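Listed below, chain by chain, are the residues.
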2 protein chains.
Amino acid sequence: MSAMKKQMQQLKALADETRLRLLALLLSAGELCVCDLTATLQLPQSTVSRHLAYLKGAGWVIDRRVGVWIYYSISTDNALQHDIAEVLRARLPEIPAIADDIRRLASFSEGASCA
Amino acid sequence: MSAMKKQMQQLKALADETRLRLLALLLSAGELCVCDLTATLQLPQSTVSRHLAYLKGAGWVIDRRVGVWIYYSISTDNALQHDIAEVLRARLPEIPAIADDIRRLASFSEGASCA
DNA sequence: ACATTATATCCGGATATCCGAATATGTCAA
DNA sequence: TTGACATATTCGGATATCCGGATATAATGT
């Protein structure tokens, strides 16, 4: 794939509110399983999985299976993506809706949300 | 408009190749009129104008009329947008297709492309 | 006033994207 | 092997986005 096509795919991944919220949670928390993300965003599981697959295809996340759970974390393919990730890590929490998500995630953090 | 909606609008603006090429040219050259952009990208004028209007609505550019010409330049509403603009300014020229655009613009720069 | 040039907007059709219930896959424990 | 749980994928329908020719608007020079 051309560099342009690849970078466009990465930018398109940011053009959806659900995916941005997922990235914000992963940037803030490091590594999370699908059930944590689903519980925090309060969205159908298929919706969360579909968007995570999209982010993975665009190189924004990697996944790691641990038994039944699959943990997602941030990944960056190239310089542009890496730099944008740092900007998002610093700035997304300034958006109230994102800050709410991060707080909601923290409130689950003691007991795993998918018991 | 909520902060989230506004930021989504700004990120959606980056999710189109034509708009990204326009931003790259403006980040590189400072201020350009529609005819310079149209000549450089070799796209229909209506397409260029439509995307510029989109970028203006999202707060990425401002315009300034000088006689018959309308000059566009980069603008940033908030911290996220400002930081992303700096990343784009530094990294977009690393994409070959973008570098080609910037070179093509430079080749026009002596005589105005819209005589 | 009129022609010319630069730019913006309209609009219908093509394409892409998003949603989420249903279903499939994979893992573990009994 | 069967059941239960976590996650992925499928698919049809709704919605959004993009394109560009045609047309409108705006400024200038004659």
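Scroll up for the structure.
So, a few notes on the structure that sits alongside this text.

Basis of the calculations
- Residues numbered from 1 in each chain as written.
- Chains lettered and ligands numbered in written order.
- Predicted model: local features only at pLDDT ≥ 70, side-chain atom pairs only at ≥ 80, totals over all residues.
- Heavy atoms only, no water.
- Contact = heavy atoms within 4.5 Å.
- Buried area = accessible area lost by both parts, 1.4 Å probe.
- Salt bridge = Lys/Arg side-chain N within 4 Å of Asp/Glu carboxyl O.
- Polar contact = N/O pair within 3.5 Å; in protein donor to acceptor, adjacent residues only side chain to side chain.
- Pairing = 2+ DSSP bridges.
- Helix = DSSP H or I, 4+ residues; strand = E, 2+ residues; numbered from the N terminus.
- Axes fitted to C-alpha atoms, helices over the stretch in contact; angles between N-to-C directions.
- Buried < 20%, exposed > 50% of the residue type's maximum accessible area, 1.4 Å probe, protein only.
- Near = heavy atom within 4 Å.
- Phe/Tyr/Trp six-rings, centres within 6.5 Å; stacked < 30°, edge-to-face > 60°.
- Lys NZ or Arg CZ within 6 Å of the ring centre and 35° of its normal.
- Core = buried A, V, L, I, M, F, W, Y, C linked by side-chain atoms within 4.5 Å.
- Parallel < 35°, antiparallel > 145°, perpendicular 65-115°, else oblique.
- Left-handed = near helix turned anticlockwise from the far one by under 90°.
- Nonpolar A, V, L, I, M, F, W, Y, C, P; charged D, E, K, R; others polar.

A few words now on the interface of chain B and chain A. Contact residues are listed per partner, giving 26 residues for chain B and 26 residues for chain A. Taking both partners together, chain B and chain A bury about 2100 Å²; carbon and sulfur atoms supply 79% of that area. There are two salt bridges connecting chain B and chain A. Among the salt bridges present, the one from D83(A) reaches R91(B), with a minimum N-O distance of 2.7 Å. For the interface between chain B and chain A, the tally reads four residue pairs in polar contact (both at pLDDT 80 or more).

On to the sheet that holds strand β1 (residues 31-33) of chain A, then. All names here are of chain A. In space, the three strands of this open sheet follow the order β1-β3-β2, with antiparallel pairing throughout. Of all the strands in the sheet, the pair left with one neighbour each is β1 and β2 (61-66). With strand direction ignored, the average angle separating the axes of adjacent strands in the sheet is 30°. With three bridges joining them, β1 and strand β3 (residues 69-74) adopt antiparallel strand pairing. Considered in β3, the bridge of C33 is made with Y71.

Residue and element names in this part refer to chain A. Within the secondary structure, T40 sits in helix α3 (residues 34-41). For T40, a relative accessible area of 0% puts it in the buried group. Not counting chain neighbours up to four residues away, the residues in contact with T40 comprise L25, D101, R104, L105 and F108.

What follows deals with the protein's contact with DNA strand D. Surrounding DNA strand D, one finds 24 residues, the nearest of these being C35(A), Q45(A), S49(A), Y72(A) and H51(B). Between DNA strand D and R50(B) there is a distance of 3.1 Å, counted from a base nitrogen to a side-chain nitrogen or oxygen. Among the elements that make up the surface near DNA strand D, the one with the highest residue count is helix α4 (residues 45-57) of chain B (five residues).

Before going further, it helps to examine the environment of D100(A). Relative to the elements of secondary structure, D100(A) occurs in helix α6 (residues 96-108). As for D100(A) and T40(A), which are separated by 60 residues in sequence, their C-alpha atoms are 9.6 Å apart.

This next bit is on unusual backbone geometry. Residues and elements named next belong to chain A. Non-glycine residue Q42 carries a positive phi angle of around 55°. Looking at the secondary structure, you find Q42 in the loop between α3 and α4 (45-57). In this structure Q42 comes out as exposed when scored by relative accessible area, which is 60%.

Moving on, we come to the pattern of salt bridges. All names here are of chain A. If you walk through the whole model with that rule in mind, you get 18 salt bridges over all chains. In this structure, the salt-bridge partner of R21 is D101, at a minimum N-O distance of 2.7 Å. Of this pair, R21 sits in helix α2 (residues 17-29) while D101 sits in helix α6; the two residues are 80 residues apart in sequence, bridging distant segments of the chain. Taken as a pair, R21 and D101 share a single burial class, namely buried. Through salt bridges with shared partners, a single ionic network connects R21, D101 and R104.

Attention shifts here to the packing of aromatic side chains. Inspection of the entire model under this criterion finds zero aromatic pairs over all chains. Sitting over the ring of Y54(A), R19(A) keeps its end group 3.8 Å from the ring centre.

A separate point is the nonpolar core. The biggest cluster of nonpolar side chains holds 64 residues, and the ones touching the most others in it are W60(A) and W60(B). Discounting chain neighbours no more than four positions away, the residues touching W60(B) are Q10(B), A13(B), L14(B), L23(B), L55(B), S73(B), I74(B), S75(B), Q81(B), I84(B) and A85(B).

Before going further, it helps to spend a moment on the packing of helix α3 (residues 34-41) of chain B against helix α6 (residues 96-108) of chain B. Residues and elements named next belong to chain B. Running from N to C, α3 and α6 point in directions that differ by 125°, and their axes come no closer than 9 Å. Taken together, the axes of α3 and α6 lie oblique to each other. Judged by the sense of rotation from one axis to the other, the crossing of α3 with α6 is right-handed. Every residue of α6 that contacts α3 at D36, A39, T40 and L41 is listed here: D101, R104, L105 and F108. Across the contact of α3 with α6, the residue classes tally to four nonpolar, one polar and three charged.

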